[in-house]
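Secondary and tertiary structure notes
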Amino acid sequence: MAGTTPGTPRVLRAMNDRAALDLLLEHGPLSRTRIGKLTGLSKPTASQLLARLEAAGLVVATGTAAGRPGPNAQLYAVNASAAHVAGLDVNAQRIVAAVADVTGETVGEFELRTPGRRADSVVRQVAEALDGAVKEAGLTRSDVHRVVIGTPGAFDPGTGRLRYASHLPGWHSPTLLDELAAFLPMPVEYENDVNLVAVAEQRLGAARGHEDFVLLWNEEGLGAALVINGRLHRGFTGGAGEVGFLPVPGAPLVRQVTKANAGGFQELAGAQVLARLARELGIDDEAVRGPGTHHEIASRLVGRAAEAEEQGGGGPYGRLLDRFATGLATGLASMVAVLDPEVVVLSGELIARGGEPLRVRVAAELAELAASRPRLITGEVTRRPVLRGALESALATTRDEVFDTSR
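Residues numbered from 1 in each chain as written. Predicted model: local features only at pLDDT ≥ 70, side-chain atom pairs only at ≥ 80, totals over all residues. Heavy atoms only, no water.

**Observations concerning the packing of aromatic side chains**
Rule in force here: Any pair of Phe, Tyr and Trp rings, taking the six-membered ring for Trp, is counted once the centres come within 6.5 Å. Such a pair is stacked with planes under 30 degrees apart, edge-to-face with planes over 60 apart, and tilted for the rest. Helix and strand definitions follow DSSP, with helices as H or I runs of at least four residues and strands as E runs of at least two, each counted in order from the N terminus. Relative accessible area decides the class of each residue, using a 1.4 Å probe on protein chains only: under 20% of the type maximum gives buried, over 50% gives exposed, and in between gives partly exposed.
Under the counting rule described, the total for this entry stands at two aromatic pairs. Ring centres 6.4 Å apart and planes at 50° place the aromatic pair Tyr 164 and Phe 245 in the tilted group. Residue Tyr 164 is located in the loop between strand 9 (162-163) and helix 5 (176-183), and its partner Phe 245 is located in the loop between strand 13 (231-232) and helix 7 (257-260); the two are separated by 81 residues in the primary sequence. Comparing Tyr 164 with Phe 245, the two get one shared label, buried.

Structure (C-alpha cells):
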C-alpha cells in the first residue's frame, strides 16, 4: 500500500473490497444485499463496492437469485479468470503439475513420469510438466502468475542446494534455482512436500482453525511439518520436520545419517518395516508375497490389517497394527515433548489405509509415552495433498497481489 495512509478512504475502500472478495470465495455467488449484511456496509456502499470490483475485472455478475426479481437479486462472484497459479509435486518417479484459477478450482492437471530421464534435464522436466497442465487448462505459460514446487527435502536458504533428499536425481545442482528462474517467466517458489500437505490441511482439511499442530506424514518416507502460531516452522537450513532421521528407542543408532539417507524413526516406523514385522508375526499371504515396492507392500499390509479389525480384530494382523502404532507413537512422543502441539494430524497413504483402528492405537500409545496429550486426528485432504498445498500456497500470495485495489 505504498503512498497510502492507514485510515484514509482509499485504504478503507481497499479493506472493504478485500473483505467482500474473501466472502465471495468462501460462500460463492452473493447478492449485493447479502454482501452488505455480511460486511456491515450500507446498500449504497455495497453497490459502489461491487461496481468498483466489476470495473477492475475482479467480480462478474452471474445471474439472479431464483424467484427474486429486481436489482437486489443480482448475484456476483469472483472472476475466476482474474489470475491463475500452478503447483508441482515432485518425487523420484514423476512430476505432477496442476493449474488453478483464482477461486481455487483446478482447471488443468498433467503427470510426467521421470524414471530413466537424464538427471541433467530437470529444467526441461519442470517445463514439460507445467506446460502439460497449462495446455490442459486451455492457457499459455504466460497466463500463470506464480508457481510453487514441492519436493522432498528442502532448499538451503544459504546455498540454494537441495538437502535431505539424495534420492531425487538432478535436483542438487547449486545453479538449479537460478536456471529455473531464468527459464520460467513467473515467480517460482519452493517448499518441502510435507510442509505443503500441512498447508492443505490448514486451509482445507483437518487442521482448519488450529494455530499449533504437528503433521506426521508416512508414505514413501517419514516426515513431519511443524506449524507454530499459525506459521510453518522451517528451521535454519529448511530441515525442520526431517524426522525420518530422528534417533528413537527401538532402532539402531545411525551415524552420518545424511550419507545413509536413513535414521532411527524411519527404520522403526517407515514403510520398509511392515514386511519384516509381518514375517515376525507369521503373516505369509499375498499381501506380503505380492509384487511391489516397500511402500506398496506396506500399504497392502496395513489395509488388510484394518479390514481384519473391522471383521473382529485380533490375530497376527491386530498385532501388526499394535507394533506399527507403537513405532509411530515412539517418534511422535519426542516431537510432542518439544513442541507441545494442540493437535497432531496423521497423514499419508500408510496412515490412511490404517484408518480409525490405527489412529486409536497411536493415540493410546502416545498417551502412555508423552506428558502432554494432543488430540490425534486423521488428515482430510487425501487426493494429491502435496499438489493441493502447492496450489493453496501460490493462491495465498497471488490473491494478496491481485485483490489489492489500493494501488
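From this point, the discussion proceeds with the structure in view.
**Quick word on the nonpolar core**
Inclusion rule: For our purposes a nonpolar core is just a set of buried Ala, Val, Leu, Ile, Met, Phe, Trp, Tyr and Cys residues, chained together by side-chain atoms within 4.5 Å. Contact criterion: two residues are considered in contact whenever any of their non-hydrogen atoms come within 4.5 Å of each other.
Leu 216, Leu 301, Leu 320 and Val 362 are the most contacted members of the largest nonpolar core, which totals 47 residues. Of all the elements, helix 12 (residues 315-339) adds the most residues to this core, at eleven residues. Sequence-distant contacts of Leu 320, that is, excluding residues within four places in its chain, are made with Leu 274, Leu 277, Ala 278, Leu 281, Ile 283, Leu 301 and Ala 305.

**With respect to helix 6 (residues 193-204)**
Convention followed: Multiplying 1.5 Å by the helix residue count minus one yields the expected span of that helix. We define a polar contact as two N or O atoms separated by no more than 3.5 Å, with the added condition that, inside protein, one atom must be a possible hydrogen donor and the other a possible acceptor, whereas residues neighbouring each other in sequence contribute only through side-chain atom pairs.
In this model helix 6 runs 16 Å from its N-terminal to its C-terminal C-alpha over twelve residues, within 8% of the 16 Å that 1.5 Å per residue would give. Structurally, the start of helix 6 carries an N-cap: the backbone nitrogen of Val 194 is 2.9 Å from a side-chain oxygen of Asn 192.

**So, the packing of helix 2 (residues 32-39) against helix 3 (residues 43-55)**
Note the cut-off: With axes taken as lines fitted to C-alpha atoms, and helix axes fitted only over the stretch in contact, angles between N-to-C directions fall between 0 and 180 degrees. Roughly parallel covers angles under 35 degrees, roughly antiparallel covers those over 145, roughly perpendicular covers 65 to 115, and oblique covers all other angles. The crossing is said to be left-handed when, going from far helix to near helix, the turn is anticlockwise and less than a right angle, and right-handed when the turn is clockwise. The residue classification treats Ala, Val, Leu, Ile, Met, Phe, Trp, Tyr, Cys and Pro as nonpolar and Asp, Glu, Lys and Arg as charged. All others, Gly included, are polar.
Their axes nearest at 9 Å, the elements helix 2 and helix 3 cross at an angle of 110°. Accordingly, the angle class assigned to the pair helix 2 and helix 3 is roughly perpendicular. Regarding helix 2 and helix 3, the two cross each other, and that crossing is right-handed. Together, Arg 32, Thr 33, Ile 35 and Gly 36 of helix 2 and Lys 43, Ala 46, Ser 47 and Leu 50 of helix 3 make up the contact between the two elements. Classifying every residue of the contact of helix 2 with helix 3 by side-chain character gives three nonpolar, three polar and two charged.

**As for the sheet that holds strand 2 (residues 59-64)**
We apply this condition: Two strands pair if DSSP finds at least two bridges between them.
As summarised here, the arrangement of the three strands in space is 1-3-2, forming an open sheet in which the pairing is antiparallel. Of all the strands in the sheet, the pair left with one neighbour each is strand 1 (30-31) and strand 2. Against the sheet, helix 1 (residues 9-27) contacts strand 1, strand 2 and strand 3 (74-78), and its axis sits at roughly 95° relative to strand 3.

**Examining the packing of helix 9 (residues 271-280) against helix 12**
Put simply, helix 9 and helix 12 touch, their axes get as near as 10 Å, and they point 135° apart. With respect to helix 12, the axis of helix 9 lies oblique. For helix 9 against helix 12, the interelement crossing comes out right-handed. In this structure, helix 9 uses Leu 274, Leu 277, Ala 278 and Glu 280 to contact helix 12, whose residues at the interface are Leu 320, Arg 323 and Phe 324.

**With respect to a nonpolar patch on the surface**
Quick note on the threshold: Patch definition: residues above 30% relative accessible area lacking any salt bridge, with like charges linked at up to 9 Å and the nonpolar side chains Val, Leu, Ile, Met, Phe, Trp and Tyr linked at up to 5 Å. Residue exposure ignores everything except the shown protein chains as possible cover, and the areas themselves are Shrake-Rupley values with a 1.4 Å probe. Here, a salt bridge means any side-chain nitrogen of Lys or Arg that lies within 4 Å of a carboxyl oxygen of Asp or Glu.
Residues Ile 228, Val 338 and Leu 339 make up a contiguous nonpolar surface patch of roughly 250 Å² in combined accessible area. Tracing the chain through its elements places Leu 339 in helix 12.

**Let's talk about unusual backbone geometry**
The phi torsion at Asn 229 lies on the positive side, around 55°, for a residue other than glycine. Within the secondary structure layout, Asn 229 lies in the loop between strand 12 (222-228) and strand 13. Phi at Arg 384 is positive, roughly 45°, even though this residue is not glycine. Mapped onto the fold, Arg 384 is located in the loop between strand 15 (375-378) and helix 14 (385-402).

**As for the pattern of salt bridges**
Overall, the coordinates contain 20 salt bridges when judged by the stated rule. The partner of Arg 384 in a salt bridge is Glu 109, and the shortest N-O contact between them spans 2.9 Å. Of the two residues, Arg 384 is situated in the loop between strand 15 and helix 14 and Glu 109 in strand 6 (residues 106-113); the sequence distance between them amounts to 275 residues. Note on Arg 384: relative accessible area 26%, which makes it partly exposed. The class for Glu 109 is partly exposed, based on a relative accessible area of 25%. Its salt-bridge partner being Arg 276, residue Glu 280 comes within 3.0 Å of it at the nearest N-O pair. With a gap of four residues between them, Glu 280 and Arg 276 both fall in helix 9, about one helical turn apart. The class of Glu 280 is partly exposed, set by a relative accessible area of 45%. A single network of salt bridges, built from pairs that share partners, joins Glu 109, Glu 111, Arg 113, Arg 383 and Arg 384.

**Quick word on the environment of Leu 222**
Checked against the element boundaries, Leu 222 lands in strand 12. You can call Leu 222 buried: its relative accessible area is 8%. Along the primary structure Leu 222 and Gly 244 are separated by 22 residues, whereas in three dimensions their C-alpha atoms are 5.1 Å apart. Apart from residues lying up to four places away in sequence, Leu 222 is in contact with Leu 216, Trp 217, Gly 244, Phe 265, Gln 266, Ala 269, Gly 270 and Leu 328.

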